[in-house]
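# Notes for the structure review
Chain residues, written in single-letter form:
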Amino acid sequence: TTRIYNFTISEVTGWPDGYNRTLTVINGQFPGPLIEVNMGDRLIINVQNNGVNMTTIHYHGLYQNGTNYMDGTYQISQCGIPPGSSFTYNFTVPDQYGTYWYHSHYSTQYMDGVIGPLVIHAQEEDDLIGNMYDYDQVVLVSDWYHGLSQGYMAAYLASGNENVEPVPDNGLINGGAYFDCSLTPGDTCYQQDANRTAFNFEQNKTYRLRVINTGAFADIEFSVDEHPLTLVEGDGVLIAPTTLHKLAIAVAQRYSVLITTNVTGTDNFWVRAELDQYCFATTNPVLVDYSITGVLNYVSDANSVALPYSNNITASTASWGDVPANLLCLDLNNTSIEPMVAMQAPDATVFYRIDAGFMIGAYAIDLAYINGTTWKPAFESNLYQAYRMLSPSLSSAVVDNNSTELLNTTGPLPLGVLGGDQSQYIINVPDYQVVDLLINNLDDGSHPFHLHGYKFWVMGTGTGVFPYNDYGDFNTTNPMRRDTLQVQAYGWALIRFVADNAGFWPLHCHITWHLEAGLLMQFEIQPSKIAQFQPPAAWAQLCAAQ
Ligand code: C2O
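We now turn to the structure provided with this report.

About the thresholds
Residues numbered from 1 in each chain as written. Predicted model: local features only at pLDDT ≥ 70, side-chain atom pairs only at ≥ 80, totals over all residues. Pairing = 2+ DSSP bridges. Helix = DSSP H or I, 4+ residues; strand = E, 2+ residues; numbered from the N terminus. Axes fitted to C-alpha atoms, helices over the stretch in contact; angles between N-to-C directions. Buried ≥ 20, exposed ≤ 12 C-beta atoms within 10 Å, placed from the backbone. Arc of directions from axis to C-beta. Contact = placed C-beta atoms within 7 Å.

Ordered by their spatial adjacency, 4 strands build an open sheet running β2-β1-β4-β6, and the pairing between neighbours is mixed. Looking at which strands have only one partner, the edges of the open sheet turn out to be β2 (21-26) and β6 (86-92). Going across the sheet, the axis of each strand differs from the next one's by a mean of 15°, ignoring polarity. Where strand β4 (residues 42-49) and β6 come together, 7 bridges link them in antiparallel fashion. Within β6, the residue paired with Asn-46 across the bridge is Thr-88.

What follows is the structure, encoded as structure tokens:
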């Protein structure tokens, strides 16, 4: 089956929490539409960019095996879609299911509103967990800022702001939240628009909540008062069911939890998305309550009630407070969660290490580095440069000498190699390998690292120095697989993946501020296969048009 979506990007004035600001949105709506497919489907997304900036759409967590050019990563897998132009994404999803999302991968644009959920259904998944729930519900949670991201980014990169990430003004649940407009006198904020999201659920049913952190910065603890959560999925991997009361979810991660609407005594419960404050350098004088709430209402017939938002609805339930620590907030990054479908991790054949952090003291600005290199978008997309050089059909095209270095180098590509003032760290994996990557986080904050095009095994995580003496002793029997992993402050993580998917795949911190400050490296997998790619002519034209 082919599923077709038409996305028109534009700027609008919006008020998700009552506070008016400019948003960049898809089809005039925020959050963007749900993309829902069955495994094996072809997905066509026609993007018309009527916004004022460049755009791209990235499908977070999708393998794009053989279609690296549809991965939607600005200046890595494609050149941007300029204002006034269009581009069609066209690819299949043959071999994965679960909860994903899509977002702009141009600069900080996604936090201005270019985001939405993407769900892949499959019989394989249904066979395993389909009988455990009655209904399916997407729950997007995020931090929220009251202004355009560009302004915050400029401030963040200005000298004197070292280690001071912009602090969110609020948070959202499915694009809604309460905000007290009296806290920002004189600003355009209408109290009657400050609406919480309401979930109207039938009683005595089990709901699958697909919780997706679509935010820019904050870790979130998600909970529903008086309803234990049964964790069954993380990043598209089914998990042996685990019960918890609060779900810790980092930026760009996804989890499915089951709740059963069988609590007696009241019909209204708070749904909470608590922004973790430990990562905030300062407290926001505006954001007085870090616990963002929605409301779960029990109704006799969910179809009879059309009440997505309301600022009148409240609940009086209490947050899980005095629960045992192991139920309060499970450390979902450690090896205590286990995939439902067991898979043995093969032995690694190559080992790489990156040291990731921020330059300290240099002009007191926030400059990220990975092995000494700060990412900046290249002059044109790296994949285009490589394809142009390798593809027989383009062999007469002008090839710049730097492409040779782009194709063959592992390590930092120094200033100038990719044109302009670019500097990128690229690990070249020329043939089939099982790759171990040790991520050393030299920073005092934790970072949700995301690898495009793959799921990796989480072989181990820890703080301090990686125990090289234990390398080889890590558990290979069914460790958790995922695409986004929180690496602790001054900690390390060892991830493993089978490098069988050709192309340029970034690994980056998903905190928008850090990504734009350059916390990104790339794997260049099996470049010899790039010549066999068959991107549409329109893809190359985006670069030619620049
Ligand atoms: Cu969700 Cu590189 O992105």
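A word on the environment of Gly-130. Looking at the secondary structure, you find Gly-130 in the loop between α1 (123-129) and β9 (135-144). A tally of 11 C-beta atoms within 10 Å means that Gly-130 is categorised as exposed. Separated by 78 residues in the primary sequence, Gly-130 and Arg-208 place their C-alpha atoms 9.8 Å from one another.

On to unusual backbone geometry, then. In this model, Phe-30 is joined to Pro-31 through a cis peptide bond whose omega is -5°. By the secondary structure assignment, Pro-31 is in the loop between β2 and β3 (35-38). Phi angles above zero are rare outside glycine, and Tyr-490 is one such case at about 50°.

Right, let's get into the sheet that holds strand β27 (residues 456-463). Pairing within the open sheet is mixed, and its 6 strands lie in the order β22-β21-β25-β30-β27-β28. The sheet is open, and its two borders are formed by β22 (368-370) and β28 (481-482), each paired with just one other strand. Sheet topology note: the strand β21 (residues 350-358)/strand β25 (residues 434-441) ladder contains 7 bridges and is parallel. Looking at β25, one finds that Tyr-352 is bridged to Leu-437.

Another point: helix α7 (residues 537-544). Every buried residue of α7 is listed here: Trp-539, Ala-540 and Leu-542. Here the buried residues of α7 occupy an arc of 145° about the axis, which is enough to place them on one side. Residues of α7 that are exposed and angled more than 90 degrees away from the buried face: Ala-537 and Ala-544. Where α7 is buried, its residues touch β6 and α4 (382-390).

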